[in-house]
Amino acid sequence: MFLYNTLTQRKEIFTPHEEGKVKMYTCGPTVYHFAHIGNLRSYIMEDMLEKSLRYLGYDVTRAMNITDVGHLSSDADTGEDKMLKGARREKKTVMEIAQFYTDAFFTDCEKLGIKKPEIVVPATSCIDEFIHMVEVLLEKEYAYIAGGNVYFDTAKLPSYYVFGNMDAEDLDVGVRDSVEEDSNKKSKSDFVLWFTKSKFDDQELKWDSPWGIGYPGWHIECSGISVKYLGEYLDIHCGGIDNAFPHHTNEIAQSEAYLGHPWCKYWFHVLHLNDARGKMSKSKGDFLTVSLLEEKGYDPLVYRMFCLQSHYRKPLTFSFESLDNTAVAYKKLVQRIAALKTEGEHDEAGCEALRTKFKKSLENDVNTSLALTALYDVFKAKVSDADKLAMIKEFDEVLTLGLIAAADKLNRELEEKRSAIPEGVTAEEAAEINALIAKRTEARKAKDWGTADAIRDELAARHVVVIDTPQGISWHIEK
Ligand SMILES: [Zn+2]
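Nothing here was measured: the structure is a model prediction, and the numbers come from that model.

Caption draft 1: The arrangement of the overall build of the protein chain in detail. On a plain count of helices and strands, the protein chain comes out with 16 helices and 16 strands. In terms of principal-axis extent, the alpha carbons of the protein chain reach across some 100 × 50 × 35 Å. Counting only contacts in the protein chain whose residues sit at least 6 apart along the sequence, the fraction spanning at least 24 positions is 75%.

Dropping the structure here:
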């Protein structure tokens, strides 16, 4: 498999630390509000990475944190705790807010076909691990205490900025709030590992520590949780590109200083979701959620398909016009699948050729738009309908667009429509006509044209109009 690695800025052959096994970490949500569809794009594409790895035969262990403390209003160390702001907004406690929005997040994920990682860890459950890590960093002199807080000393590193491709806008995030610059820091790029003093001393959640009562910084969470649950060597770390700096940069600094060796080999970053005005974000007020899409009549899986249509490393521009186009494509795709019969011989070589193309697209840096093309290729293949259905089912277990279920539902609806009694006909008459149509179908199959024609004439005499569709036969009485 080839994966683009933000660390080396190249597509590389993926070789995990332990053969066949993948340790994967994902930065989870800060649970102070609903997730917007821009964040969810990252989770959809990370889900595609995990499922691709599994489909290609890797044994994947994946962990995700839930940030329920320590994430301040800016991604740097200034501003108020996001959780506290959320709690005040809704007049609830921080833990109530955390529970509510954690549940909401996983409900959204389920609707979008995103598998829940097997390890999901709230930051507040690992405080001892964070304290231990900070102690070691102090011992190793990678950290210092100033003004009551513990800071990471970025000057101790041979190189702090590890992702070479960060643009000025991304780098700006860390210093956006530098108007209220923290005078305790030796260098602007230093960051807080543990807070005991902050301008906002009404922080609800605090713990005892060797440095006084306080709470962990946001960055230490991911390092602590990842090392605790996935060990000292991480294969893939994923996240949205806006987390590359400062969050992931700081994670690497802490983890490698703590462990004393390189930590994570591959960094998988998903690019922004934009709209006509630029990057979508909560702070800009264009707050599109899964529920809002549903209210507007969109199946969340249509949004998933919209995301899969382009590569995760390209910014994606959202508009309702483009989502409408995807909705039409999705509907047509489901109709084509619904029209496939469940019969036919099995052709292993034919199926393997389709499978190879699908695999190749995933192996090529999770190229989901090519994977969709490979799915469409199934219809053109010279294999039986039964094989086509089996291949679509197999591919959709990775793509998770709910195609087979949607096609079954469509067929059930059509069946109900067919078996419904048309207007102006009694139940007995309908049963008679259905029986005649069934008899005609039998006769046609047996090439008994005489009987088939006689039935056709009888139906015509009763003013019955029979319509053949790919999904079967429907009829009504001509007025
Ligand atoms: Zn993280």
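Caption draft 2: Spotlight on the nonpolar core. Formed by 110 residues in total, the largest nonpolar core has its most connected members in Val134, Leu137 and Leu193. The element that contributes the greatest number of residues to this core is helix α1 (residues 37-55), accounting for 8 residues. Counting contributing residues per domain, this core is built from domain 1 (2-270) and domain 2 (293-411), each supplying no fewer than three. Discounting chain neighbours no more than four positions away, the residues touching Leu137 are Tyr142, Ala143, Phe152, Leu193, Gln254, Ala257 and Tyr258.

Caption draft 3: Summary view of the sheet that holds strand β14 (residues 316-317). As summarised here, the arrangement of the 3 strands in space is β13-β12-β14, forming an open sheet in which the pairing is mixed. Two strands lie at the open edges of the sheet, namely β13 (278-279) and β14, each paired on one side alone. With 2 bridges joining them, strand β12 (residues 273-275) and β14 adopt parallel strand pairing. Opposite Asn274, over in β14, you have Thr317 as the bridge partner.

Caption draft 4: Summary view of the environment of Ile13. For Ile13, the position within the fold is in strand β2 (residues 10-13). On the neighbour-count criterion, Ile13 (8 C-beta atoms within 10 Å) is exposed.

Caption draft 5: Fine view of helix α4 (residues 127-139). Taking 1.5 Å as the rise per residue, α4 with 13 residues should run 18 Å; its terminal C-alpha atoms sit 18 Å apart, in good agreement. Regarding α4, the residues found buried are Glu129, Phe130, Ile131, Met133, Val134 and Leu137. Looking at the buried side of α4, the elements it contacts are β6 (143-146), β7 (149-152), β8 (191-195), β9 (215-216), α6 (218-230) and α7 (244-259). Phi turns positive, to about 60 degrees, at Glu141, one or two residues after α4.

Caption draft 6: Looking closely at the confidence of the model for the protein chain. In this model, the protein chain carries a mean pLDDT of 90, and residues with pLDDT of at least 70 account for 92%. Low confidence marks residues 173-179, where pLDDT is under 50. Its contacts with residues over four positions away, or in another chain, come to 15 contacts.

Caption draft 7: Representation of the domain arrangement of the protein chain within the structure. You can read the domains of the protein chain as domain 1 (2-270), domain 2 (293-411) and domain 3 (421-477). Just the C-alpha atoms count here: the centres of domain 2 and domain 3 sit 35 Å apart.

Caption draft 8: Local environment of the pairing of β7. By the alternation rule, side chains of β7 split into Asn149 and Tyr151 and Val150 and Phe152, which are all buried. In the sheet, β6 pairs with β7 via 4 bridges, with the strands oriented antiparallel. Along β7, the bridge assignment pairs Ile145 with Val150. Where β6 folds back on β7, the antiparallel hairpin that results is connected by 2 residues, among which Gly147 adopts a positive phi of roughly 60 degrees. As defined by bridge partners, β7 adjoins β8 across 3 bridges and the pair is classed as antiparallel.

Caption draft 9: View of the packing of helix α10 (residues 320-338) against helix α14 (residues 403-419). Interhelical geometry of α10 versus α14 gives an angle of 70 degrees and a closest axis separation of 8 Å. Comparing their axes, α14 and α10 come out roughly perpendicular. Contacts from Leu333, Val334, Gln335, Ile337 and Ala338 of α10 reach α14 at Leu403, Ile404, Ala406, Ala407, Leu410 and Asn411. The class makeup of the residues in the contact of α10 with α14 is 9 nonpolar, 2 polar and no charged.

Caption draft 10: Spotlight on the packing of α4 against α7. Orientation of α4 relative to α7, taken along the N-to-C sense of each, is 70 degrees, at an axis distance of 9 Å. When the interaxial angle is binned, α4 and α7 end up roughly perpendicular. Together, Met133, Val136 and Leu137 of α4 and Gln254, Ala257 and Tyr258 of α7 make up the contact between the two elements. Classifying every residue of the contact of α4 with α7 by side-chain character gives 5 nonpolar, 1 polar and no charged.

Caption draft 11: Here's a closer look at the environment of Ser310. In this fold, Ser310 is placed in the loop between α9 (300-308) and β14. Residues Ser310 and Thr368 lie 58 residues apart in sequence; the distance between their C-alpha atoms is 6.8 Å. Those residues in contact with Ser310, other than ones at most four positions away along the chain, are Leu316 and Ser369.

Caption draft 12: Representation of the sheet that holds β6. The strand order across the open sheet built from 4 strands is β6-β7-β8-β9, with neighbouring strands paired in antiparallel fashion. The sheet is open, and its two borders are formed by β6 and β9, each paired with just one other strand. By the bridge criterion, 2 bridges tie β8 to β9 in an arrangement that is antiparallel. Among the inter-strand pairings, Trp194 is bridged to a residue of β9, identified as Pro216.

Caption draft 13: Region of interest: unusual backbone geometry. A cis amide bond links Phe245 with the next residue in sequence, Pro246, at an omega value of 0 degrees. Mapped onto the elements, Pro246 comes out in helix α7. Phi angles above zero are rare outside glycine, and Asp365 is one such case at about 55 degrees. Mapping Asp365 onto the fold places it in the loop between α11 (348-363) and α12 (368-380).

Caption draft 14: Region of the structure containing the environment of Ala244. Here Ala244 is to be found in helix α7. Placed 81 residues apart in sequence, Ala244 and Phe163 show a C-alpha to C-alpha distance of 7.4 Å.

Calculation notes
Residues numbered from 1 in each chain as written. Predicted model: local features only at pLDDT ≥ 70, side-chain atom pairs only at ≥ 80, totals over all residues. Helix = DSSP H or I, 4+ residues; strand = E, 2+ residues; numbered from the N terminus. Contact = placed C-beta atoms within 7 Å. Core = buried A, V, L, I, M, F, W, Y, C linked by C-beta atoms within 7 Å. Buried ≥ 20, exposed ≤ 12 C-beta atoms within 10 Å, placed from the backbone. Domains from an automatic or database assignment. Pairing = 2+ DSSP bridges. Expected span 1.5 Å × (residues − 1). pLDDT = per-residue confidence, 0-100. Axes fitted to C-alpha atoms, helices over the stretch in contact; angles between N-to-C directions. Parallel < 35°, antiparallel > 145°, perpendicular 65-115°, else oblique. Nonpolar A, V, L, I, M, F, W, Y, C, P; charged D, E, K, R; others polar.

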